Amino acid sequence: MTIKKSDVVKQILGDRTNQTPAKTAASAFASSNIALCKYWGKRNQELNLPVTSSFSISLDGKGTSTEIQIANTSHDIILLNNETVSIDSVFYKRLQQFLNLFRTSPDIFFYIKTQSTIPTSAGFASSASGFAALTLALNELFQWQLEKNELSILARLGSGSACRSIWSGFVEWHSGTREDGMDSLGTPFTVAWPELCLGLIFICDKQKKLSSRDAMQHTITSSVFYEIWPTKVANDLSAIKNSILEKNFFSFGKISESNSLAMHAMMLAAWPPINYSSPETISVIQKIWQLREKGLSVFFTQDAGPNLTLLFLQQDIETISQYFSDLEIIRPFANK
Ligand code: PMV
């Protein structure tokens, strides 16, 4: 029997499945996250269960704020960055399907105001922070009082990588082996690295043409390189955790960059090929490699979009800022 999302929700909420909202309004914020060891491929498309585990860093403070209210309307009202989202759009339908899982009666509708501080669908994982913030806001509205582990599982039902955005800092998403995915969730890797800096390079904020969901599936079915991906991820994940424990930045940067390049290489080897890079992405990558040849310790990672995230240490902030003028610098552990 195929397990549905609603079965997972029932399992987590138990008696609370039919509990009406305890509040009239609630709000929540979730930071986005960038995978250093990527999630690329689902073993179960309905439940967003991944083929491999993955590992991310939170974009502390950059993400999504969501306000939720019960609406006296005949359908959900969704506002994204102060603009009403059309009920025919893919974005609306994705959110509506997620909300359907939590409606206590078919005529309960929500008013959702969501504000994103990162470009939507341009490879800075806005869906991750979006679904995480929505899950946290629902938990507040209904007063379910769920544990973070449970919230992580619910957020995953909206978007896989959202299960990592429930936490801050470094987070591992354990692939799990269970069919119902109750062991597939994010947990924090509780090591701080105060000197670690991320630099967001916005190359393009246009919506991507091919969703990660479709691109992943296409890669699995048509890229000859997919076969070796799980082994690469297992090796990278364990090495990246060691590099963090040892504060070995060179190893940390190298593994993160190599993992990202391998994901994109795998997509280029699919047929028809998938390319998320723009000419500017490639030219920035070349610039990073040239700077590294000159001795600057800077690395990058790229999600399913043209934008890049630089990885470097605090000691190089000034030099890096000179080379990349509009860099948005994030220090995930600065205030911890
Ligand atoms: O969670 P999704 O469906 O948006 O997929 C995320 C895929 C990547 O961002 C490319 C990798 C990752 O692990 O976040």
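See above for the structure.
Keep in mind it's a predicted model, so treat the numbers as computed, not measured.

Cut-offs and rules
- Throughout this document, residue positions are counted from 1 along each chain, in the order its sequence is written.
- Where local features are concerned, this predicted model is filtered to residues with pLDDT of at least 70; where side-chain atom pairs are given and counted, the filter is 80 or more; whole-chain, interface and lining totals use all residues.
- Side-chain calculation: all heavy atoms of the structure are included, whereas hydrogens and water are not.
- In this analysis, axes come from line fits to C-alpha atoms, helices being fitted only over the stretch in contact, and the angle between any two N-to-C directions falls in the range 0 to 180 degrees.
- Helix numbering and strand numbering both begin at the N terminus, where a helix is a DSSP run of H or I of at least 4 residues and a strand a DSSP run of E of at least 2.
- When describing relative orientation, an angle under 35 degrees is termed roughly parallel and one over 145 degrees roughly antiparallel, while 65 to 115 degrees is termed roughly perpendicular and anything else oblique.
- Note on convention: the crossing is left-handed when the near helix lies turned anticlockwise from the far helix by less than a right angle, right-handed when the turn is clockwise.
- Contact criterion: two residues are considered in contact whenever any of their non-hydrogen atoms come within 4.5 Å of each other.
- By the convention adopted, Pro, Cys, Tyr, Trp, Phe, Met, Ile, Leu, Val and Ala count as nonpolar, Lys, Arg, Asp and Glu as charged, and the other residues, Gly among them, as polar.
- Joining through side-chain atoms within 4.5 Å is the link that ties buried Ala, Val, Leu, Ile, Met, Phe, Trp, Tyr and Cys residues into a set, and such a set is a nonpolar core.
- Buried, partly exposed and exposed residues are distinguished by accessible area as a fraction of the type maximum, computed with a 1.4 Å probe on protein chains only: under 20%, between the cut-offs, and over 50%, respectively.
- The arc in question is traced by the directions running from the helix axis to the C-beta atoms.
- When the centres of two rings from Phe, Tyr and Trp lie within 6.5 Å, Trp using its six-membered ring, the rings pair. Their planes under 30 degrees apart give stacked, over 60 give edge-to-face, and anything left gives tilted.
- Each ring is checked for a lysine NZ or an arginine CZ that lies within 6 Å of its centre and within 35 degrees of its normal; such an atom marks a charge sitting over the ring.
- Paired strands, in this sense, are two strands between which DSSP finds at least two bridges.
- We call a residue near a molecule or strand as soon as one heavy atom of that residue lies within 4 Å of the molecule or strand.
- Contacts described as polar in this section are N or O atom pairs within 3.5 Å, which, within protein, must combine one atom able to donate a hydrogen with one able to accept it, while residues neighboring in sequence count only if both atoms come from side chains.
- Each accessible area is a Shrake-Rupley estimate made with a 1.4 Å probe; only the visible protein chains count as cover when residues are assessed.

Visitor: Looking at this structure, how should I read the packing of helix α1 (residues 5-13) against helix α4 (residues 148-158)?
Guide: Packed helices, taken two at a time, are described by the angle between their axes plus the distance between the axes. One way to put it is that α1 packs onto α4 with a least axis distance of 11 Å and a crossing angle of 165°. Relative to α4, the element α1 is oriented roughly antiparallel. Considering the relative orientation of α1 and α4, their crossing is left-handed. Every residue of α4 that contacts α1 at Lys5, Val8, Val9 and Ile12 is listed here: Glu150, Ile153, Leu154 and Leu157. Split by residue class, the contact of α1 with α4 holds six nonpolar, no polar and two charged.

Visitor: Help me out: how do you make sense of the nonpolar core in this one?
Guide: Grouped burial of nonpolar side chains is what soluble globular proteins tend to show. Core analysis: the biggest nonpolar cluster contains 43 residues, and Ile68, Phe102, Phe110 and Leu138 have the highest contact counts within it. For this core, the secondary-structure elements that each account for two or more residues are α1, β1 (25-37), β5 (77-80), α2 (90-100), β7 (109-116), α3 (126-142) and α4. Considering each element in turn, this core owes the most residues, nine residues, to α3. In this view, Leu138 contacts Ile68, Phe98, Leu99, Phe102, Phe110, Gln143 and Trp144; residues no more than four positions away in its chain are not counted. Counting 39 residues, the second-largest nonpolar core is a separate cluster that includes Trp173, Leu198, Leu311 and Ile330.

Visitor: I keep staring at α2 and nothing clicks. Help me out?
Guide: An α-helical turn contains 3.6 residues, so a residue and the one three or four places further along point in the same direction. Tyr92, Leu95, Phe98 and Leu99 are the residues of α2 that are buried. One side of α2 holds all its buried residues, which, seen down the axis, span an arc of 130°. Away from the buried face of α2 by more than 90 degrees, exposed residues Val90 and Gln97 are located. Of the surrounding elements, those touching the buried residues of α2 are β5, β7, α3 and α4.

Visitor: Explanation requested: the packing of aromatic side chains in the structure shown.
Guide: A ring pair, where both rings are aromatic, is described by two values, the distance of the centres and the angle of the planes. One pass over the structure, following the stated rule, counts 15 aromatic pairs. Relative to Phe170, the ring of Phe55 has its centre 5.7 Å away and its plane inclined at 20°; by these criteria the two rings are stacked. Taken together, the residues span a long stretch of sequence, with Phe55 in strand β4 (residues 54-71) and Phe170 in strand β8 (residues 170-173) at a distance of 115 residues. Comparing Phe55 with Phe170 shows no difference in burial state: the two are buried. Taken together, a centroid distance of 5.0 Å and an interplanar angle of 10° make the contact between Phe142 and Trp144 stacked. For Phe142, a relative accessible area of 1% translates into the label buried. The exposure class assigned to Trp144 is buried, which follows from its relative accessible area of 2%. One aromatic cluster is present, formed by Phe55, Phe170, Phe189, Trp193, Phe249, Phe250, Phe252, Phe299 and Phe333 through successive ring pairs. Here Lys287 stacks its cationic end above the ring of Phe324, 4.5 Å away from the centre of that ring.

Visitor: Please clarify how the pairing of β5 should be interpreted in this entry.
Guide: Both faces of the sheet carry side chains from a regular strand, because those side chains alternate between them. Here four bridges tie β5 to β7, and the two strands are oriented parallel to one another. Paired with Ile77 across the strands is Tyr111, a residue of β7. Pairing between β5 and strand β6 (residues 83-84): two bridges, direction antiparallel. Considered in β6, the bridge of Leu80 is made with Glu83. The turn linking β5 back onto β6 is made up of two residues, and Asn81 within it adopts a positive phi angle of 45°.

Visitor: I keep staring at the site of the ligand and nothing clicks. Help me out?
Guide: For the ligand, the set of nearby residues contains 14 residues, the closest of which are Ala35, Tyr39, Ser159, Ser161 and Arg164. Here an oxygen atom of the ligand and a backbone polar atom of Tyr39 are 2.9 Å apart. Within the side chain of Arg164, an N or O atom sits 2.7 Å from an oxygen atom of the ligand. Across the complex, the protein chains shield 94% of the 380 Å² of accessible surface that the ligand would expose by itself.

Visitor: In this structure, what is going on with the sheet that holds strand β10 (residues 196-201)? I would like to understand it.
Guide: The antiparallel open sheet is built from four strands, whose spatial order is β11-β12-β10-β13. Strand pairing shows two members of the sheet lacking a second neighbour, β11 (299-301) and β13 (328-330), which therefore form its edges. The average angle at which neighbouring strand axes cross in this sheet is 30°, direction not considered. The pairing of β11 with strand β12 (residues 308-313) spans three bridges and is classified as antiparallel. Opposite Thr301, over in β12, you have Thr309 as the bridge partner. Where helix α7 (residues 249-268) meets the sheet, its contacts fall on β10, β11 and β12, and the angle it forms with β11 comes to roughly 35°.

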